[in-house]
Amino acid sequence: MKTTLVQHTVGAISEGFVYNELEGKGLYGLNGQLTIQPEYQRNYIYADGKRDVAVIESLLKGYPLGLIYFNKPSAESLEVLDGQQRITSFGRFITGKFAIKDENGMQQYFSGLAKDRQEKILKSQILVYECEGTETEIKEWFKTINTVGIPLNDQELLNAVYSGPFTTFGKAEFSNSQNSRIAKWSAYISGSADRQDFWERSLEWVSKGKDNIGDYMSSHRHETNIKEVSTYFNTVLDWVSTVFRDVYPEMRGLEWGRMYEDYHAMPYNTEEVARSVLSLYEDGYVKSKKGIWEFVLGGLLDRSLLDVRIFDDPTKKSTYAKQLKIAKDKGISNCSLCAQGHEAIKSKIWKLEEMDADHVSPWSKGGATVASNCEMLCKTHNRSKGNR
């Protein structure tokens, strides 16, 4: 790969600067010669009133912004390989998209700055490496130089590797922070549009696993629509919002794609589902609230999903001692279910470590985790008992 070190001024780079407010990204600079956010770039994430302001303050103090890298795909065009956050920040400031505070704490847009301060920004020198090479070389270099600062996450790297119309359409829908549907998505999915979280979840669901995203993007890379992804994504969320009519904070970030695959063919009574969820949510014995929804989908069977508060060791030991005495006095097993079983185990005495503590009145039916509701069962019987 060939590299050439050149200098540009902030003013020159900002000539013809275009910023798409809807998609939250810088589009062009250098009078249209420079593409600021090519397909493989992450979204603009400096618009937080801190990092974007810090870029402008650095320019006013005469601090260098650091090396910037351009890819040179042709003699007439350039695209930002590294540095789009900084370029978009000063481009947005110069075009009046945000203000900074002056020494008196007053908000100042670029147009309101003193002329000498405007000139200082516009004439600031930016060192740029212009890189020429194959697509593979450029993208490998892109991944290498993005290991510092705010690292690219997995999906941002995949976007770079598999850039093309499919990724462009996907980002336009799922990585657009102005998309009105994000409010609904955010009830069930953690993360943000800017960091590709919704795009990543949609791909994970349709490809049946995060490890399959790369292969899926590769096979669809040159397609000009994302209909399959959008349809599956919306189908999953429609199913979730239909089965569970109430939304709780703990629903955010659950494995809805996997749960859809496991449970969507089963019928549910939404009234009963709502009552079960509310009861479990208000139950102080349930330590893992996030497990409630899969527990309900699975028919209230897998209590390990809830991390229900268990009987402590002193309770287990005292209950074991009582049962052991009764068993020896009567010549029966100290497991009440073994005592009712076949002859081989009717009188078997189990050691403490061979038994589990269980709720006499099932926890799922209101039984409390207290000593008076505790019994020791052999592990085999306890694990087969469920909520019967």
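This text follows the structure it describes.
Presented here is an overview of the structure given in this document. (Residues numbered from 1 in each chain as written. Predicted model: local features only at pLDDT ≥ 70, side-chain atom pairs only at ≥ 80, totals over all residues. Heavy atoms only, no water.)

**Focus on the pairing of strand β11 (residues 374–378)**
Here β11 lies mainly inside the structure; 5 of its 5 residues are buried. In β11, alternate side chains face the same way, and those of C374, M376 and C378 on one face and E375 and L377 on the other are all buried. (Buried < 20%, exposed > 50% of the residue type's maximum accessible area, 1.4 Å probe, protein only. Helix = DSSP H or I, 4+ residues; strand = E, 2+ residues; numbered from the N terminus.)

**Some thoughts on the nonpolar core**
Counting residues in hydrophobic clusters, the biggest one holds 45 residues, and the most contacted among them are V229, F244, W256 and W293. At the level of secondary structure, the elements contributing two or more residues to this core comprise α7 (165–174), α8 (182–185), α9 (197–206), α10 (213–220), α11 (227–243), α12 (256–263), α13 (270–281) and α14 (292–297). In terms of residue count, α11 provides more of this core than any other element does, 8 residues in total. In this view, F244 contacts M251, W256, V273, V277, W293, V296 and L297; residues no more than four positions away in its chain are not counted. In this structure, L30, Y46, F98 and I100 belong to the second largest nonpolar core, which totals 31 residues. (Core = buried A, V, L, I, M, F, W, Y, C linked by side-chain atoms within 4.5 Å. Contact = heavy atoms within 4.5 Å.)

**Focus on the packing of aromatic side chains**
All chains considered together, the criterion is met by 20 aromatic pairs. Judged by centre distance (5.6 Å) and plane angle (55°), the ring pair of W185 and F198 falls under tilted. Taken together, the positions of W185 in helix α8 and F198 in helix α9 put the pair 13 residues apart, joining distant regions of the chain. Residues W185 and F198 agree in their burial class; the two are buried. Here a set of aromatic residues connected by ring pairs shows up, and it is made of F166, F174, W185, F198, W199, W205, Y216 and F233. One cation-aromatic arrangement involves R92 over Y19; the distance from NZ or CZ to the ring centre is 5.0 Å. Above the plane of the ring of Y281 lies K289, whose end atom (NZ or CZ) is 5.6 Å from the centre. (Phe/Tyr/Trp six-rings, centres within 6.5 Å; stacked < 30°, edge-to-face > 60°. Lys NZ or Arg CZ within 6 Å of the ring centre and 35° of its normal.)

**So, the side chain of N382**
Within the secondary structure, N382 sits in helix α17 (residues 379–385). Exposure remark for N382: the relative accessible area of 12% places this residue in the buried category. Not counting the four nearest positions on each side in its chain, N382 is found in contact with D356, A357, D358 and L377.

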